[in-house]
Amino acid sequence: MRKITIGNHKGGVGKTALVFNLAATLQQRLRVLAVDTDPQASLSYVCKVPIHHPTLADVWGSAGDGIAPQGAIFTTPYFDLLPASLTLAVAEFSLFGAYGRERLLANTLAQLAPKYDICLIDTPPALGLYGLNALTAADGVIIATAPETLAVAGVRLFAQTIAQTRKRLNPTLTILGLIVNAYDGRIAQHRESLNALQTAPIPTLATIPRSAAIADSLANGVPLDKYQPSHKANPIFSTLAQNL
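Fair warning: this is a prediction, and the values are worked out from it, not measured in the lab. (Residues numbered from 1 in each chain as written. Predicted model: local features only at pLDDT ≥ 70, side-chain atom pairs only at ≥ 80, totals over all residues. Heavy atoms only, no water.)

1. Re the packing of helix α5 (residues 104–112) against helix α6 (residues 128–137)
In contact at an axis separation of 7 Å, α5 and α6 are set at 50 degrees when each is read in the N-to-C sense. On the basis of the axis angle, α5 is oblique to α6. Contacts from L104, L105, A106 and L109 of α5 reach α6 at N133, A134 and A137. Looking at the contact of α5 with α6 residue by residue, the class counts come to six nonpolar, one polar and no charged. (Axes fitted to C-alpha atoms, helices over the stretch in contact; angles between N-to-C directions. Helix = DSSP H or I, 4+ residues; strand = E, 2+ residues; numbered from the N terminus. Parallel < 35°, antiparallel > 145°, perpendicular 65-115°, else oblique. Contact = heavy atoms within 4.5 Å. Nonpolar A, V, L, I, M, F, W, Y, C, P; charged D, E, K, R; others polar.)

2. Concerning the pairing of strand β2 (residues 32–36)
When you tally the buried positions in β2, you get five out of five residues, the bulk of the element. Residue alternation in β2 divides its side chains into two sets, V32, A34 and D36 and L33 and V35, and both sets are buried. Pairing between β2 and strand β5 (residues 118–122): five bridges, direction parallel. Within β5, the position partnered with V35 by the bridge is I121. Bridge count for β2 against strand β4 (residues 80–82) is three bridges, and the pairing is parallel. (Buried < 20%, exposed > 50% of the residue type's maximum accessible area, 1.4 Å probe, protein only. Pairing = 2+ DSSP bridges.)

3. Let's talk about the packing of aromatic side chains
Scanning all chains against the criterion turns up three aromatic pairs. Pairing F20 with Y78 gives two aromatic rings, centres 6.3 Å apart and planes at 85 degrees, and the pair type is edge-to-face. Here Y78 lies in the loop between β3 (74–75) and β4 and F20 lies in helix α1 (residues 15–26), a separation of 58 residues in the sequence. The class of F20 is buried, set by a relative accessible area of 1%. Here the aromatic rings of F20 and F79 are separated by 5.8 Å at their centres, their planes lie at 75 degrees, and the arrangement is edge-to-face. Note that F20 is positioned in helix α1 and F79 in the loop between β3 and β4, a separation of 59 residues in sequence. The residues F20 and F79 share a single accessibility class, namely buried. Through a chain of ring-to-ring contacts, the aromatic side chains of F20, Y78 and F79 assemble into a single cluster. (Phe/Tyr/Trp six-rings, centres within 6.5 Å; stacked < 30°, edge-to-face > 60°.)

4. Re empty space enclosed by the protein
The tally for this structure, following the rule as stated, stands at one cavity of 30 Å³ or more. Considering only enclosed or pocket space, the largest cavity measures out at about 60 Å³ in volume. In terms of lining, the largest cavity is formed by 13 residues, of which the most central are T123, P124, L127, G131 and F158. Counting only elements with at least two residues in the lining of the largest cavity, the list comes to β1 (2–7) and α6. When residues of the lining of the largest cavity are assigned to their parent elements, the largest contribution, three residues, is made by α6. Grouping the constituent residues of the lining of the largest cavity by class yields seven nonpolar, six polar and no charged. (1 Å grid on protein atoms, 1.4 Å probe; cavity = no way out; pocket = protein on both sides within 12 Å on 5 of 7 lines; lining within 4 Å. Points joined across faces, edges and corners; volume = space filled by probe spheres on them.)

5. Some points on the sheet that holds strand β8 (residues 204–209)
Sheet architecture is open: eight strands sit in the order β3-β4-β2-β5-β1-β6-β7-β8, paired in mixed fashion. Looking at strand neighbours, the two that pair on one side only are β3 and β8, the edges of this open sheet. The strands touched by α1 are β1, β2, β5, β6 (140–145) and β7 (174–183); relative to β5, the strand with the most contacts, the crossing angle is about 165 degrees. Taken strand by strand, helix α7 (residues 149–168) contacts β1, β6 and β7, and its axis lies near 165 degrees from that of β6.

6. Describing the side chain of N181
Residue position: N181 is located in strand β7. Accessibility expressed as a relative area gives 9% for N181, which makes it buried. Residues in contact with N181, not counting those within four places in the same chain, are V13, G14, L18, A144, T145, A146, P147 and I208.

7. Brief notes about the pattern of salt bridges
Side chains that differ in charge, positive against negative, can pair when their charged atoms come close. One pass over the full model with this rule turns up five salt bridges. Ionic pairing is found between R31 and D117, a salt bridge with its closest N-O pair at 3.1 Å. Here D117 lies in the loop between α5 and β5 and R31 lies in the loop between α1 and β2, a separation of 86 residues in the sequence. For R31, a relative accessible area of 39% corresponds to the partly exposed category. (Salt bridge = Lys/Arg side-chain N within 4 Å of Asp/Glu carboxyl O.)

8. Quick notes on the side chain of T76
Mapping T76 onto the fold places it in the loop between β3 and β4. Classification of T76 by relative accessible area gives buried; the value is 8%. A polar contact of 2.9 Å, which involves the side chain of T76, links it to the backbone nitrogen of Y78. Here F79 takes part through its backbone oxygen, which lies 2.6 Å from a polar atom of the side chain of T76. If sequence neighbours within four positions are ignored, T76 has contacts with C47 and L81. (Polar contact = N/O pair within 3.5 Å; in protein donor to acceptor, adjacent residues only side chain to side chain.)

What follows is the structure, encoded as structure tokens:
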């Protein structure tokens with residue numbers, strides 16, 4: 001099972017929308033698992049996970065000794081999900097003392113690997129224990145960003161974090177590239193930020209246009225290609241999925 005983390009230190013850059021739509025597109029030809037490691041649980045909310053359904057907090061328990069991960073899988077109409085919940089925020093404090101705490105997710109995914117071809121990991125905006133787990137477990141990282149000055153700075157910081165993780169915990173971790181979300185070429189700051197990103201050493205894999213339909217489809221828990229089949233971003237998601 002190939003494992004790809006979608007991340008950035010900055011929030012609000014479209015990580016969850018990217019994971020949701022890519023996972024749904026990939027499921028058309030592969031067995032897909034999405035993982036929500038963010039205590040805010042945005043991906044789990046979008047996927048309409050019932051409030052009492054087991055989550056990663058139940059899998060990891062108080063010291064990495066919780067339920068079997070198979071018991072926490074939630075099957076959506078589009079892909080399988082290992083969900084998160086606000087309980088993860090509380091669990092993080094107890095997990096700091098767990099042996100091998102940086103590899104909790106890697107160990108969890110190893111148990112699920114025979115069932116899936118690819119895993120997409122949604123991450124919290126801050127590094128912390130869960131973000132570090134997402135990088136330690138991954139084969140590759142896609143950096144999601146927005147065409148804004150602060151987001152561009154976040155890309156540089158996140159690339160440094162990836163380099164440190166590669167050095168200390170995951171020597172085979174690679175950066176697959178950047179995806180720029182919510183781009184509007186009519187806005188000068190967007191054009192300037194995109195130019196800055198495209199001159200960076202990290203390749204830009206795709207630029208997703210700014211669109212209310214993307215946010216609306218996410219709010220309704222429906223992938224964009226089902227919500228609005230003619231939308232211009234659908235071929236972009238399709239090409240991204242084919243190249244993963």
